[in-house]
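# Structural overview
Each chain, letter by letter, is given below.
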Amino acid sequence: VTPVPPGTDLRRTPVGQAVSELLTLPASGTTAYEFRLRAVDGAGNATTLVRTFTVDLEAPVLTITSPQDDGIYTTRTIPLSANVTGAEGASMSVFRTPPGGGARTPVTSLTVTGGVATGAAELPRGVPQDLIFEVRDAAGNLGSRTVSNVLVNFAGCDVRFTRPLGTPVTLIQQDDLD
């Protein structure tokens, strides 16, 4: 049975002490419903019971503002930012995978506040990766977006002191051999 317009009466005869009705609801969207049940006994006494509920089949909507597809970063820590509709207060998970798929590795978790989730994450250097942003609303609907081919590539090289050993180290002019 498809839901009828508000105010329409459906008359059913109880089987035992139960009345049931099958409903076909829309496959998407968020819709509020109100059921009114009016029972009348053999003496004509009537009682009305009202129940309201909402069917939420809408996933949260994510718009990733940082990073961008094919983004190249020259620092290991990159900014993460997304505008989120429909999941206020939820925790958004960020994962990384090799481009095109593969094993998911957790990167960080961000909280949606005021429709925005922001933070930063450290990513491996020199390895292109896809970042997957996922958030669930209170009804459990999943919103997901992928940012493709993000690369962390430092400008220059990493510098490490291997000699002299010890902390602190004092270098003087005589130590400069060139």
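The structure under discussion appears in the preceding block.
Keep in mind the model is a prediction, meaning the values are calculated, not measured. (Residues numbered from 1 in each chain as written. Predicted model: local features only at pLDDT ≥ 70, side-chain atom pairs only at ≥ 80, totals over all residues. Heavy atoms only, no water.)

## Quick word on the pairing of strand S10 (residues 142–152)
- The pairing of strand S4 (residues 72–73) with S10 spans two bridges and is classified as parallel. Along S10, the bridge assignment pairs Tyr73 with Val152.
- Taken together, the seven bridges between strand S9 (residues 129–136) and S10 define a ladder with antiparallel strand orientation. Of the residues in S10, the one forming a bridge with Phe133 is Arg145.
- In this structure, the hairpin formed by S9 and S10 is closed by a connection of five residues, where Gly140 is found at a positive phi of approximately 95 degrees. (Pairing = 2+ DSSP bridges. Helix = DSSP H or I, 4+ residues; strand = E, 2+ residues; numbered from the N terminus.)

## Quick look at the sheet that holds strand S7 (residues 105–111)
- What the five strands build is an open sheet, ordered S4-S10-S9-S6-S7; its pairing is mixed. The open sheet has two free edges, formed respectively by S4 and S7, since each of these has just one partner strand.

## Focus: the sheet that holds strand S3 (residues 61–66)
- Spatially, the three strands line up as an open sheet ordered S3-S5-S8, and their pairing is antiparallel. Each having just a single partner strand, S3 and strand S8 (116–122) make up the two edges of the open sheet. Taken pair by pair, the neighbouring strands of this sheet meet at an average axis angle of 25 degrees, ignoring direction.
- Note that strand S5 (residues 77–85) and S8 share seven bridges and pair antiparallel. Across the sheet, the residue bridging to Leu80 is Gly119, located in S8. (Axes fitted to C-alpha atoms, helices over the stretch in contact; angles between N-to-C directions.)

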